[in-house]
Structure formats: C-alpha cells, structure tokens
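So you can see what is in the structure, the chains are spelled out below.
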Amino acid sequence: MAGLEVDPQQLGLEFGSSAVIGGIIGFAAKKVAKVIAVLVGIQLALFKFLESRGLISVKWDELTAGMMEASEAAAASQPPSWVMSILSTLSVSAGFSGGFLLGFKKG
C-alpha cells in the first residue's frame, strides 16, 4: 500500500501563488466596490437635484427601505453556493482566502 506523498516545495508554491492571486483579486474587488459606491452616491445626488427642480418625484421611503433590506440580507447571509463549492474544491483555498482578505483589507 503506497503512502501519501507530500512535496513541501510544491505545496508551498501552490499556497504562495494562490495567496498572491487572492490578494490581487481582493484588492481589485475593493477598488470596484469603491467605484460602485461613488456611482451610487452620484446617482442619489442627481435624483435629489432633479427632484428639487421638480423634474422627478422620488419615493425616498421606499428607496431607503429597499437598501436597508438588501444590506441586512447581505450581512446575514452566507456567500453564494457556487463560491463555496469552488473554494472547497481548490487545494489552495486557504492561501487564496487569506490573500483575498489581505488584499481586500489593504485595497
């Protein structure tokens, strides 16, 4: 019966490269999130301006209620199942996850 052979060099290479890739993706994800936040802020300011000019009517109560529900759902829920299945099948998920979190925090 053959034993399981683990090559420390290969394992370190996979872990390190996945951490770098995860860091890059995390950094990019945070930058994209910032751009989206700015665009949403500009859109809301534009709505307020157009409403003050009498060109549109915005139901602010309904708009903010939808945002609150979405933020609560995002904070309470688990990541999508496809993300979890990808991470569970990767042998380098620990390095990727650590790199992603570090890149997201530094981004």
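Residues numbered from 1 in each chain as written. Predicted model: local features only at pLDDT ≥ 70, side-chain atom pairs only at ≥ 80, totals over all residues. Heavy atoms only, no water.

Let us now look at the pattern of salt bridges. Taken as a whole, this structure holds one salt bridge when the rule is applied. Ionic pairing is found between K48 and E51, a salt bridge with its closest N-O pair at 3.8 Å. Placement of both K48 and E51 in helix α1 (residues 8-52) is noted, with a separation of three residues, approximately one turn of the helix. On the basis of relative accessible area, K48 is assigned to the partly exposed category, the value being 48%. Given the relative accessible area of 22%, E51 is considered partly exposed. (Salt bridge = Lys/Arg side-chain N within 4 Å of Asp/Glu carboxyl O. Helix = DSSP H or I, 4+ residues; strand = E, 2+ residues; numbered from the N terminus. Buried < 20%, exposed > 50% of the residue type's maximum accessible area, 1.4 Å probe, protein only.)

For the protein chain, per-residue confidence averages 76 on the pLDDT scale, and residues scoring 70 or more make up 67% of the total. Mean pLDDT across the secondary structure elements of the protein chain bottoms out at helix α3 (residues 81-89), with 61, and peaks at α1, with 85. (pLDDT = per-residue confidence, 0-100.)

Inspection of the secondary structure assignment puts S57 in the loop between α1 and α2 (60-76). For S57, a relative accessible area of 70% translates into the label exposed. Expressed as a C-alpha distance, the spacing of S57 and F47, which sit ten residues apart in the sequence, is 8.6 Å.

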